[in-house]
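This is what each chain is made of:
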Amino acid sequence: MPEIRFKNLKNEWKHFSFKEIAYKAGIKNSENLSLESYSISNELGFIPQKEQFENGGTMSKADKRMYFIVSSNSFAYNPARINVGSLGYYQGVKDVIVSSLYEVFKTSDIIDDLFLLYWFKTNIFKRMIEQYQEGGVRLYFFFDKLQKCQIKIPSLQEQQKIASYFQKLDSLIQTTSKKLASLKQIKAASLQSMFPQEGETVPKVRFKGFEGEWEKIPFGSFLKESYERSTVENEDILLSSAITGVYLNSELFGHQRGASNIGYKKIKKNMLILSAQNLHLGNANVNLRFEHGLISPAYKVYEIVNISPLFLQQWIKMDSTKVFFLNATTAGASLCRKNIVWDDLYKQIVLIPSKNEQVKIGLFFSNLDKQISLQTQRLEKLKQIKAACLDKMFV
């Protein structure tokens with residue numbers, strides 16, 4: 001029995017071999033040369049294949065004769081990539097074609113196709129692939145090996161309930177993914193329109209009541225470097241500055257890095273943290289999360305003077321700011337590492353609006369970031385639920 005089951009369903013799951021439930025269905029395309037060709041994506045299943053080649057030509061009729069015809073309610077998979085999920089289920093009305101490298105099959109009436117599609121995503125099936133795949137450098141899992149596999153299935157009613165549950169879960173995941181993508185697009189567009197672009201002194205979009213050019217000031221004029229160091233072990237919360245933000249060290253690594261954090265730099269909330277070597281890659285952050293903490297001495301730490309921390313955080317994470325930082329660097333130990341010429345950096349000019357406009361812009365993006373964070377967490381939670389259910393709703 002599965003660990004998780006719908007109420008009032010008590011019948012035992014029955015053993016079947018794939019020989020009893022699946023049969024090969026791929027036939028060569030010898031006549032209909034107008035059929036659309038498809039490939040299989042690990043995430044999206046069946047997707048139209050791009051037939052435009054680099055030279056501007058299209059797939060020849062001879063090429064299409066080498067493809068397999070796939071009719072509605074068919075499965076197809078890549079024998080060399082099924083271990084990473086390259087399997088799809090086609091439900092379209094019109095026949096399509098796929099490469100003859102794929103294995104194409106249909107199923108009998110004793111199994112629900114959507115139930116089987118989710119079963120193919122379980123660890124149960126992954127272990128079967130590992131058991132039966134063959135080859136040398138590249139491993140394959142051909143249809144004859146699939147037919148040797150065993151599957152346990154419940155009644156058709158229970159199969160359909162399970163499939164329906166996962167469809168609803170996938171729908172929630174898809175909806176959340178779209179919301180997240182939309183929010184990220186809104187932020188990207190807003191950053192472009194609410195900050196002046198190269199050669200401009202005013203943004204294209206502003207909050208009502210604000211006008212006039214943004215002020216040109218040196219980058220170093222609103223920074224005051226802090227040199228305070230820890231004197232005892234674990235004197236403060238241990239932090240780790242990363243390209244995507246400021247975190248507890250344990251959030252990133254699960255343990256303290258290094259034997260000691262004595263001599264680490266002390267930071268407080270709303271301080272700016274700059275990397276000394278990969279600043280041009282975006283390794284700059286304002287500590288907006290923690291009231292106090294420690295940071296590696298490899299970073300420079302600053303108090304922010306007369307500028308909104310929320311506004312500054314958005315500015316330093318823009319792609320154009322990476323170029324701003326790059327302009328104050330020299331070659332480093334590797335292509336990724338560059339040394340900052342700090343005096344040059346501090347002299348570079350930044351466009352800054354009035355304090356009130358800074359606050360408005362900072363709050364707008366802060367609220368947008370919170371929504372993005374919430375949708376990211378929601379999406380991750382839904383994916384975790386799906387993974388757990390795939391483990392516990394099949395046997």
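Scroll up a little and you will see the structure.
Within every chain, residues take consecutive numbers counted from 1 along the sequence as written. For this predicted model, a pLDDT threshold of at least 70 governs which residues receive local features, and a threshold of 80 or more governs which side-chain atom pairs are given and counted, while totals over whole chains, interfaces and linings are taken from all residues. Here the side-chain values reflect all heavy atoms present in the structure, with hydrogen atoms and water set aside.

Quick notes on the pattern of salt bridges
Here comes step 1: We define a salt bridge as a contact between a side-chain nitrogen of Lys or Arg and a carboxyl oxygen of Asp or Glu at a distance within 4 Å. Per the stated rule, a full pass over the model turns up 13 salt bridges.
Here comes step 2: For Glu134, the salt bridge goes to Lys145, with nearest N and O atoms at 3.6 Å. Of the two residues, Glu134 is situated in strand β11 (residues 134-135) and Lys145 in helix α5 (residues 143-146); the sequence distance between them amounts to 11 residues.
Here comes step 3: Measuring nitrogen to oxygen at the nearest pair gives 2.9 Å for the salt bridge that ties Arg206 to Glu357. One end of the pair, Arg206, is in the loop between α6 (156-194) and β14 (215-218); the other, Glu357, is in helix α11 (residues 355-392), and 151 residues separate them in sequence.
Here comes step 4: The buried label applies to any residue whose accessible area, calculated with a 1.4 Å probe on protein chains only, is under 20% of its type's maximum; exposed applies above 50%, and partly exposed to all values in between. Looking at Glu357, the relative accessible area reads 3%, which means it is buried.
Here comes step 5: Via salt bridges that share partners, Glu228, Glu235 and Lys266 belong to a single interconnected network. What counts as a helix is a DSSP run of H or I of at least four residues, what counts as a strand is a run of E of at least two, and both are numbered from the N terminus.

Some points on the sheet that holds strand β2 (residues 22-24)
Here comes step 1: DSSP-based pairing: two strands are paired if at least 2 bridges between them are found. The antiparallel open sheet is built from four strands, whose spatial order is β2-β10-β7-β8. The sheet is open, and its two borders are formed by β2 and β8 (87-90), each paired with just one other strand. Recorded for the sheet is a direction-independent mean angle of 30° between the axes of neighbouring strands.
Here comes step 2: Strand direction decides the pairing type here: strand β7 (residues 74-77) and strand β10 (residues 103-107), joined by three bridges, are antiparallel. Its bridge partner lying in β10, Tyr77 is registered against Glu103. For helices, the fitted axis covers only the stretch in contact; all axes are lines through C-alpha atoms, and the angles between them, taken along N-to-C directions, range from 0 to 180 degrees.

Describing the packing of aromatic side chains
Here comes step 1: Any two rings among Phe, Tyr and Trp, with Trp reduced to its six-membered ring, count as a pair given centres within 6.5 Å; such a pair is stacked if its planes are under 30 degrees apart, edge-to-face if over 60, and tilted if neither. For the coordinates displayed, the defined rule picks out 38 aromatic pairs.
Here comes step 2: Summarising the aromatic geometry, the rings of Phe75 and Tyr89 are spaced 4.7 Å apart at their centres and angled 40° between planes, so their arrangement reads as tilted. Of the two residues, Phe75 is situated in strand β7 and Tyr89 in strand β8; the sequence distance between them amounts to 14 residues. The two residues Phe75 and Tyr89 agree in class, both being buried.
Here comes step 3: Through a chain of ring-to-ring contacts, the aromatic side chains of Phe18, Phe75, Tyr77, Tyr89, Phe105, Trp119, Phe120, Phe125, Phe141 and Phe143 assemble into a single cluster.
Here comes step 4: Directly above the ring of Phe6 sits Lys161, whose terminal nitrogen or CZ lies 5.9 Å from the centroid.
Here comes step 5: Positioned above the aromatic ring of Phe207 is the side chain of Lys360, whose terminal nitrogen or guanidinium carbon lies 5.8 Å from the ring centre. Charge-over-ring contacts are defined here by two conditions on Lys NZ or Arg CZ: a distance within 6 Å of the ring centre and an angle within 35 degrees of the ring normal.

Some thoughts on the pairing of β8
Here comes step 1: Every second residue of β8 is oriented toward a common face, with Leu87 and Tyr89 on one face and Gly88 and Tyr90 on the other, all of them buried.
Here comes step 2: In the sheet, β7 pairs with β8 via four bridges, with the strands oriented antiparallel. Paired with Ser74 across the two strands is Tyr90, which belongs to β8.

Examining the packing of α6 against α11
Here comes step 1: With their axes 9 Å apart at the nearest point, α6 and α11 run at an angle of 160° to one another. It follows that α6 is roughly antiparallel to α11 by the angle criterion. By crossing handedness, the relation of α6 to α11 is classed as left-handed.
Here comes step 2: Split into classes, the residues belonging to the contact of α6 with α11 amount to 20 nonpolar, six polar and eight charged. For this classification, under 35 degrees means roughly parallel, over 145 means roughly antiparallel, 65 to 115 means roughly perpendicular, and everything else is oblique. Handedness of a helix crossing follows the sense of rotation of the near helix relative to the far helix, less than a right angle counterclockwise being left-handed and clockwise being right-handed. Here the nonpolar group is Ala, Val, Leu, Ile, Met, Phe, Trp, Tyr, Cys and Pro; Asp, Glu, Lys and Arg are the charged ones; every other residue, Gly included, is treated as polar.

Considering the environment of Lys216
Here comes step 1: The residue Lys216 is located in strand β14 in this model.
Here comes step 2: Take Lys216: its relative accessible area is 57%, and that puts it in the exposed class.
Here comes step 3: The spatial distance from the C-alpha of Lys216 to the C-alpha of Gln348 is 9.7 Å, given a sequence separation of 132 residues.
Here comes step 4: For Lys216, the contacting residues outside a window of four places in its chain are Thr201, Ile349, Val350 and Leu351. Here a residue-residue contact requires only that any non-hydrogen atoms of the pair lie within 4.5 Å.

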